[in-house]
Structure formats: structure tokens, C-alpha cells
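# Tertiary structure, described
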Amino acid sequence: QVQVVESGGGLVQAGGSLRLSCVVSRRLFSIYAMAWFRQAPGKEREFVAAINWSGGSTYYTDSVKGRFTISRDNAKITAYLQMNSLKPEDTAVYYCAASLGNGLGSLQDYNYWGQGTQVTVSS
């Protein structure tokens with residue numbers, strides 16, 4: 001019924017930029033937040049950024065502050081992650097998620113997940 005699909009990943013040189021997009025297949029009137037997580041090989045999935053859907057408040061993990069920007073388009077039910085000044089340590093599969101509840105800071109807050117898109121940053 002409801003699907004979340006990410007796109008925009010790829011290979012980029014260190015210092016370069018990418019913009020990821022996340023589209024929800026069906027309209028959700030109760031959506032609370034959307035977020036980006038990432039998972040590097042052999043590592044646990046970690047929080048990257050989140051945005052409150054109605055108010056637009058944003059939250060970031062410390063390692064990406066000042067480099068990444070999350071935004072949303074309410075009409076299109078789409079979230080974006082603009083990634084600038086990319087570093088090799090940003091290499092990971094990036095996952096988009098949508099929350100229907102009241103939280104946005106942890107994995108358990110999210111009800112719907114995308115399949116992930118690969119981001120690879122070379123030295």
C-alpha cells in the first residue's frame with residue numbers, strides 16, 4: 001500500500017555533492033516526520049537527519065551538521081537530503097523513513113522504510 005522510494009545515490013569525489021530524494025507512494029494525512037538514516041558495511045544503521053512534516057523543524061547528527069540539509073515538499077510527499085562537502089566516511093547505504101507517530105529521533109519512531117540508495121565517496 002504505502003511505499004517509500006529513495007533515489008539520487010551514486011559515486012562522487014570527496015568534496016563533491018549529491019542530492020537524495022525520497023518519495024512516498026501514497027498520501028498520508030497523519031505523517032509526522034521523515035528522516036534519513038545510513039548504514040555502512042559492517043556498521044549499525046545510524047540516524048542522519050529528520051524533518052517535522054508540518055512545522056519543518058530539522059534535526060541532524062553531529063557528523064553532518066553544516067554539510068547536509070534535509071528539506072521537504074508537502075505537496076509531493078517528498079523529502080530531500082542535500083549533501084555537500086562529502087567525505088569518504090559518508091559512504092553508506094542511505095535509507096529514507098516516514099513516521100506516523102510523535103517521535104523522530106530513533107529507528108523505532110519510523111513506520112515505513114525505503115529500500116536504500118548507495119552513496120559512495122572516493123578519496
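Residues numbered from 1 in each chain as written. Predicted model: local features only at pLDDT ≥ 70, side-chain atom pairs only at ≥ 80, totals over all residues. Heavy atoms only, no water.

### Some details on the side chain of Thr78
Stated precisely, the cut-off is as follows: Where helices and strands are cited, they refer to DSSP runs of H or I of at least four residues and of E of at least two residues respectively, numbered from the N terminus. In the analysis that follows, any N or O atom pair within 3.5 Å is treated as a polar contact, provided that within protein one partner can donate a hydrogen and the other can accept it, and provided that, for residues neighboring in sequence, both atoms belong to side chains.
In this fold, Thr78 is placed in strand 8 (residues 78–83). A distance of 3.0 Å separates a polar side-chain atom of Thr78 from the backbone oxygen of Lys76.

### Thoughts on the nonpolar core
Operational definition: Buried Ala, Val, Leu, Ile, Met, Phe, Trp, Tyr and Cys residues that are joined via side-chain atoms within 4.5 Å together make up what is termed a nonpolar core. Each residue's exposure class comes from its accessible area (1.4 Å probe, protein chains only) as a fraction of the maximum for that residue type: buried when under 20%, exposed when over 50%, partly exposed otherwise. Any two residues whose heavy atoms approach within 4.5 Å at even a single point are treated as in contact.
With 27 residues, the main nonpolar core has Met34, Trp36, Val48, Phe68, Leu81, Met83 and Tyr94 as its most contacted residues. At the level of secondary structure, the elements contributing two or more residues to this core comprise strand 3 (18–24), strand 4 (33–39), strand 5 (46–52), strand 7 (68–73), strand 8, strand 9 (92–99) and strand 11 (117–122). Among all residues touching Leu81, those that are not within four sequence positions of it are Leu18, Arg19, Leu20, Trp36, Val48, Ala49, Phe68, Thr69, Ile70 and Tyr94.

### Here's the deal with the pairing of strand 7
For a regular strand, the rule is simple: side chains alternate between the two faces of the sheet. We count it as follows: Any two strands with at least two DSSP-identified bridges between them are counted as paired.
Note that strand 7 and strand 8 share six bridges and pair antiparallel. The partner of Asp73 across the bridge, within strand 8, is Thr78. Counted along the chain from strand 7 to the antiparallel partner strand 8, the turn is four residues long, and its residue Ile77 has a positive phi close to 50°.

### Structural notes on the side chain of Thr117
Relative to the assigned elements, Thr117 resides in strand 11. Under the relative-accessibility criterion, Thr117 is labelled buried at 10%. From its side chain, Thr117 meets the backbone nitrogen of Gly9 in a polar contact 3.2 Å long. Setting aside its immediate chain neighbours within four residues, Thr117 contacts Glu6, Ser7, Gly8, Gly9, Leu20, Ala92, Val93 and Tyr94.

### Quick word on the sheet that holds strand 1 (residues 4–7)
We apply this condition: Lines fitted to the C-alpha atoms define the axes, with helices restricted to the stretch that makes contact. Angles between their N-to-C directions range from 0 to 180 degrees.
Pairing in this open sheet of four strands is antiparallel, and the strands run 1-3-8-7 from one edge to the other. One side of each edge strand has no neighbouring strand; the edge strands of this open sheet are strand 1 and strand 7. Within the sheet, the average angular offset between the axes of one strand and its neighbour, ignoring direction, is 15°. Bridge analysis of strand 3 against strand 8 gives six bridges, and the strand direction is antiparallel. Across the sheet, residue Leu20 finds its bridge partner in strand 8, namely Leu81.

### Quick notes on the state of the cysteines
Threshold: Disulfide: a pair of cysteine sulfur atoms within 2.5 Å of each other.
Scanning all chains against the criterion turns up one disulfide. Two residues share a disulfide in this structure: Cys22 and Cys96, whose sulfurs sit 1.9 Å from each other. Negative torsions about the S-S bond denote left-handed disulfides, and the value of about -85° found for Cys22 with Cys96 makes this one left-handed. In this pair, Cys22 sits in strand 3 while Cys96 sits in strand 9, placing the two residues 74 residues apart along the sequence. On the basis of relative accessibility, which here comes to 0%, the residue Cys22 falls in the buried class.

### Some thoughts on the pattern of salt bridges
As a working rule, side chains carrying opposite charge can pair if their charged atoms are close by. To keep it simple, the criterion reads: By salt bridge we mean one thing: a side-chain nitrogen of Lys or Arg within 4 Å of a carboxyl oxygen of Asp or Glu.
Overall, the coordinates contain four salt bridges when judged by the stated rule. Glu46 serves as the salt-bridge partner of Arg38, at 2.7 Å between the closest nitrogen and oxygen. You can call Arg38 buried: its relative accessible area is 6%. Residue class for Glu46 comes out partly exposed when judged on its relative accessible area of 32%. The partner of Arg67 in a salt bridge is Asp90, and the shortest N-O contact between them spans 2.8 Å. Residue Arg67 is located in the loop between strand 6 (58–60) and strand 7, and its partner Asp90 is located in the loop between strand 8 and strand 9; the two are separated by 23 residues in the primary sequence. No difference in accessibility class separates Arg67 from Asp90, as the two residues are buried. Each of the salt bridges in this network shares a partner with another, and the network as a whole consists of Arg38, Glu46, Arg67 and Asp90.

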